[in-house]
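# Breakdown of the fold
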Amino acid sequence: MSPRRQLGNLLLIAPLTIFLLVMVMVPLVIAMLSSFGLTTVAPGLPGHFTLQGYRDFFDPSKPSLQALWFTFKVTLITTVISTSLGLGLALFMHFRKIRLNAALSFLVKVPLFMPYLVTAFVFWVLLYPRGYIGIIFEIIFVEFFRLAEEAPALVADPYGIAIIVCGSWMRFPYAFVIIHGLLQMLDPSLEEAARTLGARTGRIVRRIHLPLLGYGLLSAVLLNFLALFIAFSIPFVLGASWPQFLSVFVYVNAKDQGNWLAGYTTSVVYICVALAIAYFYTRALAKARKHA
Amino acid sequence: MTDKTKGKSAIARKTRTLPEADELPVAGIARRGFIQTAGTAGLSLTMLGFIGREEAHAAAFKPDLTMEPNPHPTFGYPNWFPSWDEIERRAKAEGKLNVSAWGGPETKDHFGKICAAFEKASGIKTTYTHGDWFAAQQQVLNEVKDKKEQGSIDAIFLWGKPFSNLMQGGGVWEVPILDILPNGRKIAYRPEMGRFVHDMVPTYGTFVPHVNWQDCYVYNKKKFKREDMPQKVTGVLEWAKENKGEFSYCDVNKGGSGHTWVMMLIYELTGGYEKYAFRPFVKEIADKDWQPLWDYLKELEQYCYKPGTYPQGNNAVAQLFAAGEITFCPNWDAVMAQGVIGGTLDPEILGLFVPEPGIYSPMDGFTIPVNAPNKAAALVFLNYITSVEAQMQVPQVIGAYPVVTEAWDKQTDKEKNQPYHPVKDLRAWRDLGKMGARHGEYMFHMMTQWVDKIARKN
């Protein structure tokens, strides 16, 4: 490419690059500086250097680490469930040779087009004690199996049950779409050869599909984990008073309680964890491309 | 002609018009008798209200702690001081107004209607923004910080905390607007009604109350009688022990009915209202004296509905109540009203009352930001929404009490007897009765502590 053409390309992409840099970097820098108390963008920030926010965050007697752990735990469980559902459905359709026609495709992909907030409210209505699922759960849990005197709360519960259920429903199509697409690209002769040699389905999945789907699966896991880890609407609507999801914790600290230093510090930790996951995700994608 | 000669001729003209003393028609009445008769007649007419009526009313407080309109005409104001007529003229000249408020759909409906009616009545183009109190407060504070002289909000609806933030952030137009508004006199002269304080934040007259939400004890009257319910605000624990799993209150950070009720518990359990009322926030008091409150709430938790879980908002509690999951909870009159009006709550089960000595509830209202570009229009708007006609809409649309009690008096019996209004004689109960206010700073402190002390398992 001639230097002139290169310069032209640079000039063409420069506005977008600058725009993105400003839009991404400025809030990040402000959040970073504010977490050290170096700005006065919000009321209550000291305007001078302090590590108080970080001291408070990493103090085990304070609630921040508990919120981080809860967020991590619930996100991990949801990721495992949603990815397993997506993988299971994709493999089931693959082995049963079910074609993904328009109707089925629509049904599976509905969650992709649902706003998180709306879905959270839908699940709230379904899961609260007089919602359909709530009633069914009570019948099974209390009346049929007599496991307890009363059914545990499914919404606003301390275990994050509602968040896990709603998050799994929202995210399983992502895993399904990725894995289903990869399965279509697999060489069928490998599976046929295994069958000819007497391998059962379970073994075929373990020895052929999972190794070949590895990077796709990893990217689905990381994508789901990241999306849920940073989610706000679902834990805000369905979460309990405590433990709180980290995003809700930031919101409550900053907006409801006016503790902006804690809000910004938690945000920075949050961003760092999310960026680390994003780094692994992009690395996994790069490796997948390399192996392809 | 000089002034001196002009004066002399005027006196001469006046002298010529007076009849001579010896020409007076005496007709058998002496001077002393005339003075006595005239004096008696004058006093009688005054007592009957024919003479000096305006002045007497203007000077007198009415027994309901309101005042008559000021009869002093415009000439009472020097040129440098704006009369209300002048404010109205300037408002018309400004010609537009930006109003910002927040709340549920019913509040949106209320303010939408009221703004439209104001625009129609005044000809002032009124733009209503329904949003988030925090965003609106931040907008004003940021504009003030950026020294933006012409802001974007003319009248902003606030609860105690953002009002405090705006006051302390220099965002409030520090003019005693409540005393300027002619309709401000219709609000009873009680300190807690926004005159001195809003959630114990000093107002200096810069705040115009608009709606009186009332936190109440809500119970299922099909299952319980009124006398079965706790008569005192602190009686919940005993009741909950006897009726395990039947009571709940909302997460204090997610709904006002929860934190308003807990604020009342603070008053009752940790030293009384007088200990906090009209006094500044002292963190040491909260740290040192609040253990009885935390003990009470911790013990209560064991007997609550699904112990350890708290409904996430006023509506969530109302929904549990409507579904029959709980039979007793504190909640706002307006929230329960929306359930009845919307058909999601059976009015036959709704019992509602205010326990002794009360659940001191807020009177949210408006202030004018310091950089409001249309301050005269904002004043005229605030006067309009404090009129009896506009205030009458508050119970009908929102389901809460108006701050102008006359607007409650004029409601139909049907409206007054709705099950979501806990008190029928508002004047005797509120304006002339025992009144209190939440302490915004202590309440806020309690909200930050509640998660650690109650919701978070140690």
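What you see is a predicted model; the values in this text were computed from it and never measured.

Residue and element names in this part refer to chain B. The buried fraction of strand 6 (residues 207-212) is high, at six of six residues. Across five bridges, strand 6 lies against strand 10 (residues 363-367) in antiparallel orientation. Note that in strand 10 the partner of P209 across the bridge is G365.

Counting residues in each nonpolar core, the largest one holds 163 residues, and the members touching the most others are W261 and L297 of chain B. Both domain 1 (87-212 + 362-424) and domain 2 (215-361 + 438-455) of chain B contribute no fewer than three residues apiece to this core. Sequence-distant contacts of W261 of chain B, defined by excluding residues within four places in its chain, comprise D215, Y217, V233, V236, F247, Y249, L297, L300, P330 and I359 of chain B. F172, A175, F176 and L186 of chain A belong to the second largest nonpolar core, which has 15 residues in total.

Turning our attention to the interface of chain A and chain B. Between chain A and chain B, the contact holds 30 residues from the first and 28 residues from the second. At the boundary of chain A with chain B, total buried surface from both sides reaches about 2400 Å², with 54% on carbon and sulfur atoms. Considering only the surface of chain A that becomes buried against chain B, S241, K255 and Q257 of chain A emerge as the three largest contributors, covering 24% of it. In this assembly, chain A and chain B are joined by two salt bridges. Linking D132 of chain B and K255 of chain A is a salt bridge whose minimum nitrogen-to-oxygen distance equals 3.1 Å. At the surface where chain A touches chain B, the tally comes to nine residue pairs in polar contact (both at pLDDT 80 or more). If you list the elements that add at least two residues to the side of chain A that touches chain B, you get helix 3 (63-95) and helix 11 (246-256) of chain A.

Okay, the packing of aromatic side chains next. The final tally for this structure, using the stated rule, is 52 aromatic pairs over all chains. Look at Y249 of chain B and W450 of chain B: their rings are 6.4 Å apart centre to centre, the planes differ by 75°, and that puts the pair in the edge-to-face class. One end of the pair, Y249 of chain B, is in the loop between helix 10 (236-242) and helix 11 (256-269); the other, W450 of chain B, is in helix 22 (residues 440-455), with 201 residues separating them in the sequence. The same class applies to Y249 of chain B as to W450 of chain B, namely buried. Between Y276 of chain B and Y442 of chain B, the ring centres sit 4.8 Å apart and the planes meet at 80°, which makes this aromatic pair edge-to-face. Remark: Y442 of chain B occurs in helix 22 and Y276 of chain B occurs in helix 12 (residues 273-276); sequence separation between them is 166 residues. Put simply, the rings of Y217, Y219, F224, W239, F247, Y249, W261, Y310, F328, F353 and W450 of chain B touch in pairs and so form one group of aromatic residues. It is K254 of chain B that lies over the ring of F236 of chain A; its NZ or CZ is 5.1 Å from the centre.

Turning our eyes to something else, we now look at the sheet that holds strand 3 (residues 155-158) of chain B. Residue and element names in this part refer to chain B. In spatial order, the strands read 2-1-3-10-6-11; together these six strands make up an open sheet with mixed pairing. Each of the sheet's edge strands pairs with one partner strand only, and the pair in question is strand 2 (125-131) and strand 11 (401-402). Where strand 1 (residues 96-102) meets strand 3, two bridges bridge the pair, whose relative direction is parallel. Looking at strand 3, one finds that S100 is bridged to I156.

Turning to the sheet that holds strand 9 (residues 350-353) of chain B, a few remarks are in order. Two pairing modes exist for strands in a sheet, parallel and antiparallel, and in both the strands are linked by backbone hydrogen bonds. Residue and element names in this part refer to chain B. The three strands are arranged 8-7-9 in an open sheet whose pairing can be described as antiparallel. If you trace the sheet from one side to the other, it starts and ends with strand 8 (328-332) and strand 9, each paired once. Going from strand to strand, the sheet's axes swing by 35° on average, the running direction of each strand aside. Taken together, the five bridges between strand 7 (residues 215-220) and strand 8 define a ladder with antiparallel strand orientation. Residue pairing in the sheet places Y219 in a bridge with F328 of strand 8. Of the strands in this sheet, strand 7, strand 8 and strand 9 touch helix 15 (residues 314-322), which is tilted by about 140° from strand 8.

Okay, the domain arrangement of chain B next. All names here are of chain B. Split by domain assignment, chain B resolves into domain 1 (87-212 + 362-424) and domain 2 (215-361 + 438-455). Using only C-alpha atoms to locate each centre, domain 1 and domain 2 end up separated by 27 Å. Across the boundary between the two partners, domain 1 contributes 23 residues, which contact 25 residues of domain 2. When the two sides are added together, the surface that domain 1 and domain 2 hide from each other amounts to roughly 1900 Å², 65% of it contributed by carbon and sulfur. Looking only at domain 1, the three residues that lose the most surface to domain 2 are M200, P362 and Y420, adding up to 34% of its buried area. The interface formed by domain 1 and domain 2 contains one salt bridge. Two residues, R438 and D199, come together in a salt bridge whose shortest N-O distance is 2.9 Å. Elements represented by at least two residues in the side of domain 1 that touches domain 2 include exactly helix 7 (160-168), helix 9 (191-195) and helix 18 (388-398). Residue classes in the side of domain 1 that touches domain 2 are distributed as 13 nonpolar, six polar and four charged.

Residues and elements named next belong to chain A. Taken N-terminus to C-terminus, the directions of helix 7 (residues 161-185) and helix 9 (residues 201-229) make an angle of 150°; their axes are 9 Å apart at the nearest point. By the angle class used here, helix 7 and helix 9 are roughly antiparallel. When you trace helix 7 past helix 9, the crossing you get is right-handed. Contacts between helix 7 and helix 9 pair G167, R171, Y174, A175, I178, I179, L182 and L183 from the former with H209, L213, G216, L217, S219, A220, L223, N224, A227 and L228 from the latter. A class-by-class count of the residues in the contact of helix 7 with helix 9 yields 12 nonpolar, five polar and one charged.

Analysis parameters
- As a convention, each chain's residues are numbered from 1 in the sequence order in which they are written.
- Just so you know, chain letters begin at A and ligand numbers begin at 1, following the order they were written in.
- Where totals are concerned, whole chains, interfaces and linings use all residues; where local detail is concerned, this predicted model gives features only for residues with pLDDT of at least 70, and gives and counts side-chain atom pairs only at 80 or more.
- Hydrogens and water molecules were not included; the side-chain quantities draw on all heavy atoms of the structure.
- We call a residue buried when its accessible area falls under 20% of the maximum for its residue type, exposed when it is over 50%, and partly exposed in between, using a 1.4 Å probe and counting protein chains only.
- Strands here are runs of E lasting at least two residues and helices are runs of H or I lasting at least four, both read from the DSSP assignment and numbered beginning at the N terminus.
- Pairing between two strands requires that DSSP report at least two bridges joining them.
- The term nonpolar core refers to a set of buried residues drawn from Ala, Val, Leu, Ile, Met, Phe, Trp, Tyr and Cys, joined through side-chain atoms within 4.5 Å.
- The split into domains, and so the bounds of each, comes from an automatic or database assignment of domains.
- We call two residues contacting when some pair of their heavy atoms lies within 4.5 Å.
- The term buried area means the drop in 1.4 Å probe accessible area that two parts suffer when joined, counted for both and summed.
- Here, a salt bridge means any Lys or Arg side-chain nitrogen found within 4 Å of an Asp or Glu carboxyl oxygen.
- Under the rule applied, a polar contact is a pair of N or O atoms within 3.5 Å (in protein, one hydrogen donor and one hydrogen acceptor; residues adjacent in sequence only if both atoms are side-chain atoms).
- In this analysis, rings of Phe, Tyr and Trp, with Trp reduced to its six-membered ring, are considered paired at centre separations within 6.5 Å, and the interplanar angle assigns stacked below 30 degrees, edge-to-face beyond 60, and tilted for intermediate values.
- Here, a charge over a ring is recorded when the distance from Lys NZ or Arg CZ to the ring centre is within 6 Å and its angle to the ring normal is within 35 degrees.
- Whenever a helix is involved, its axis is fitted only over the stretch in contact; in every case the axis is a line through C-alpha atoms, and angles between N-to-C directions fall within 0 to 180 degrees.
- In this count, Pro and Cys sit with the nonpolar residues alongside Ala, Val, Leu, Ile, Met, Phe, Trp and Tyr, while Asp, Glu, Lys and Arg are called charged and the others, Gly among them, polar.
- Note on terminology: angles under 35 degrees are roughly parallel, angles over 145 are roughly antiparallel, angles of 65 to 115 are roughly perpendicular, and the others are oblique.
- Take the far helix as your reference; a near helix turned counterclockwise from it by less than a right angle gives a left-handed crossing, and one turned clockwise gives a right-handed crossing.

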